[in-house]
Amino acid sequence: MITHQLLILLFIGYIVYTIDIKKNFFPVPVVLVIIGLGLSFVPYFEDFNISKDIIFHVFLPAILFTSAYQFPLKQLKENIGIISALSTLGLIATVGLLGLSIYFAGMLFGGLTLTAAFLLAAILAPTDPVSVTEILKESSGAEQIADVVEGESMINDGTSIVFFTIFLAMFQTGNGFSIGKFITEMLLVSIGGILLGMLAGWLMSKTIRYTKDRKYQVILSAVGAYGAFYIGEAIGVSGVLATVAAGIFVAYEMGKEVKEDTLQESLDGFWDIVTPVLLAVLFLLIGIRGADYLAFSGWGYAVVIFILTVVVRYIIIGGFIYGVPHWRHEFKNDFSTITLTAWSGIKGAMSVALLLWLEEAAAGKDQILVSLAFAVILLSLVIQSIGTYPLSKVLKNLQ
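Predicted model, so just to flag it, every value in this text is computed and none were measured.

Draft legend 1. Region of interest: the overall build of the chain. For the chain, the count of helices and strands is 17 helices and zero strands. Considering the chain as a whole, with its 399 residues, one finds that 54% of them fall into the buried category. Contacts in the chain between residues at least 24 apart in sequence constitute 83% of all its contacts with a sequence separation of at least 6. In the form shown here, the chain has an accessible surface area of approximately 17300 Å², with 67% of it arising from carbon and sulfur atoms.

Following this line, the structure appears as structure tokens:
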């Protein structure tokens, strides 16, 4: 049954991508999520279920590897400082400030425990620019902002998992928070994942060069992308960061080769097909699965949390840009930069994966937390995706 359902979802995704003409106003992910919500009322999809393990072990490695190896190294080098800061220290500050804000705002709506508030903040902290990066470049010429947003999203996925696992353990056991344990675990998991990814990327790039056949080069890239993720998870380091590091290292190695080399073309031909397929199913799944949790009485609280995610991100980004003289002088218009960067922090694939993890761990309990997370993710996808184009136009006209 699930095979037939997946085939239908893939066909729907094909249709949406094919007729996507006005993507400046209605990005594909939004359309897919709305269709998914509609499909949730179709009896044929009532039992459609994809676990968090499938999202983590099938969807994420391919999506992460593609975004990493296709990310321009020149832009990464130019913006490595602010990308690294936002995806590490910025994420820590975001989870802290957002968690406290959710906790205190919850006092007006029945409230969450402090641990639950931080757990929800960890789910909502990672960003996924989806299709808005192209919108930013086409509508306002904000290439640097798009690069920062995309680069940040690549790295903060791995950092957010560390936060989530720690707060989930605290939420389930009721144990206290240890700053020393947290820092130690974050450094071990993050640095270990990056080192593993660099090793996997180096081995992948060298092995691929011995294989002249395009088909086998593509197969090796898939083995490396998924292998880095699986090995990282197996030995207790970040599989997400391992996959991202492997992709970046492969891009670095390819950049050293002669321009006539066809390896980039071979890999693009495969991964540019795989990624839209996975994203189509993922965003349809968000709509189908989310519908079960959206009929709840906490929508007012969810709207407040959504607003808090944008405001907190604006504060954190503004603090970094205004607080570091180099970045303050680097961007032509601080207000536009901070506003667009904050607004483009859309919740996507990683937030959904963490949410499904929470759903599985909760096993039917704490449904309000799951419902709040689903509602905020949907609000983010729809409102921020649709709002990016007009906002970028307005800010451009103000300059």
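Next comes the rest of the account.
Draft legend 2. Looking closely at the packing of aromatic side chains. Applying the stated criterion to the full structure yields 15 aromatic pairs. Plain terms: the ring middles of Tyr44 and Phe45 are 5.3 Å apart, the flat faces sit at 90° to each other, and that makes the pair edge-to-face. Overall, Tyr44 belongs to the partly exposed group, its relative accessible area being 31%. The class of Phe45 is buried, set by a relative accessible area of 5%. With a centroid separation of 5.8 Å and 45° between ring planes, the pair formed by Phe296 and Trp299 is classed as tilted.

Draft legend 3. How the structure looks around the pattern of salt bridges. Under the defined criterion, the tally for this structure stands at three salt bridges. The shortest N-O distance in the salt bridge between Glu152 and Arg313 comes to 2.9 Å. Within this pair, whereas Glu152 is found in helix H8 (residues 143-173), its partner Arg313 is found in helix H13 (residues 299-323), the two being separated by 161 residues in sequence. The exposure classification of Glu152 matches that of Arg313, with both residues buried.

Draft legend 4. Structural view of H8. With 31 residues, H8 extends 45 Å from end C-alpha to end C-alpha; this agrees with the ideal 45 Å at 1.5 Å per step. At Asn156, H8 is bent by approximately 35°, the largest bend along its length. Counting buried positions over the 31 residues of H8 gives 24, a clear majority of the element.

Draft legend 5. The nonpolar core, seen in detail. By size, the foremost hydrophobic cluster in this structure holds 123 residues, and its most contacted members are Ile102 and Leu120. Top element by residues in this core is helix H12 (residues 263-290). It accounts for twelve residues. Apart from residues lying up to four places away in sequence, Leu120 is in contact with Ile102, Leu112, Ile305, Leu369, Leu372 and Ala373.

Draft legend 6. Summary view of the side chain of Thr94. Its location among the elements puts Thr94 in helix H5 (residues 89-106). Among the polar contacts made by the side chain of Thr94, one reaches the main-chain carbonyl oxygen of Gly90 at a distance of 2.7 Å. Leaving out residues up to four positions away in the same chain, Thr94 has contacts with Gly99, Val312 and Ile316.

Draft legend 7. The arrangement of the packing of helix H3 (residues 52-69) against helix H16 (residues 349-362) in detail. Packing of H3 against H16 leaves a shortest axis separation of 8 Å and a crossing angle of 150°. Here H16 runs roughly antiparallel to H3, going by the angle between their axes. Judged by residue contacts, Lys52, Ile55, Phe56 and Leu60 of H3 engage Ala349, Met350, Ala353, Leu354, Leu356, Trp357 and Glu360 from H16. Here the contact of H3 with H16 is built from residues that sort into nine nonpolar, no polar and two charged.

Draft legend 8. Summary view of a nonpolar patch on the surface. A grouping of Ile179, Ile183, Leu187, Ile191, Ile194, Leu195 and Met198 is seen on the molecular surface, where their side chains present a nonpolar patch of about 620 Å² in accessible area. Secondary-structure assignment places Ile179 in helix H9 (residues 179-209).

Draft legend 9. Representation of helix H1 (residues 2-18) in the model. Compared with the 24 Å implied by 1.5 Å per residue over 17 residues, the 24 Å span of H1 between its first and last C-alpha is a close match. Regarding H1, the residues found buried are Gln5, Leu9, Ile12, Gly13 and Val16. Looking down the long axis of H1, one finds its buried residues gathered within 100° of arc, a one-sided arrangement. H1 presents Thr3, His4, Leu7, Phe11 and Tyr14 as exposed residues on the side facing more than 90 degrees away from its buried surface.

Draft legend 10. Quick look at the environment of Phe118. Counting through the fold element by element, Phe118 comes out in helix H6 (residues 114-124). Using a relative accessible area of 16% as the deciding quantity, one classes Phe118 as buried. C-alpha of Phe118 to C-alpha of Ser101: the two residues are 17 residues apart in sequence and 9.5 Å apart in space. When residues no more than four places from it in sequence are discounted, the contact partners of Phe118 are Val95, Gly96, Gly99, Leu100 and Phe167.

Draft legend 11. Looking closely at the environment of Ile82. Topologically, Ile82 is positioned in helix H4 (residues 73-87). We classify Ile82 as buried; its relative accessible area is 4%. Taking C-alpha positions, Ile82 is 9.6 Å from Val324, a pair spaced 242 residues apart along the chain.

What counts and what doesn't
Residues numbered from 1 in each chain as written. Predicted model: local features only at pLDDT ≥ 70, side-chain atom pairs only at ≥ 80, totals over all residues. Heavy atoms only, no water. Helix = DSSP H or I, 4+ residues; strand = E, 2+ residues; numbered from the N terminus. Buried < 20%, exposed > 50% of the residue type's maximum accessible area, 1.4 Å probe, protein only. Contact = heavy atoms within 4.5 Å. Areas by Shrake-Rupley, 256 points an atom, 1.4 Å probe, with all protein chains shown as cover. Phe/Tyr/Trp six-rings, centres within 6.5 Å; stacked < 30°, edge-to-face > 60°. Salt bridge = Lys/Arg side-chain N within 4 Å of Asp/Glu carboxyl O. Expected span 1.5 Å × (residues − 1). Bend = angle between axes of the 7 residues up to and from the residue. Core = buried A, V, L, I, M, F, W, Y, C linked by side-chain atoms within 4.5 Å. Polar contact = N/O pair within 3.5 Å; in protein donor to acceptor, adjacent residues only side chain to side chain. Axes fitted to C-alpha atoms, helices over the stretch in contact; angles between N-to-C directions. Parallel < 35°, antiparallel > 145°, perpendicular 65-115°, else oblique. Nonpolar A, V, L, I, M, F, W, Y, C, P; charged D, E, K, R; others polar. Patch = residues over 30% accessible without salt bridge, like charges linked within 9 Å, V, L, I, M, F, W, Y side chains within 5 Å. Arc of directions from axis to C-beta.

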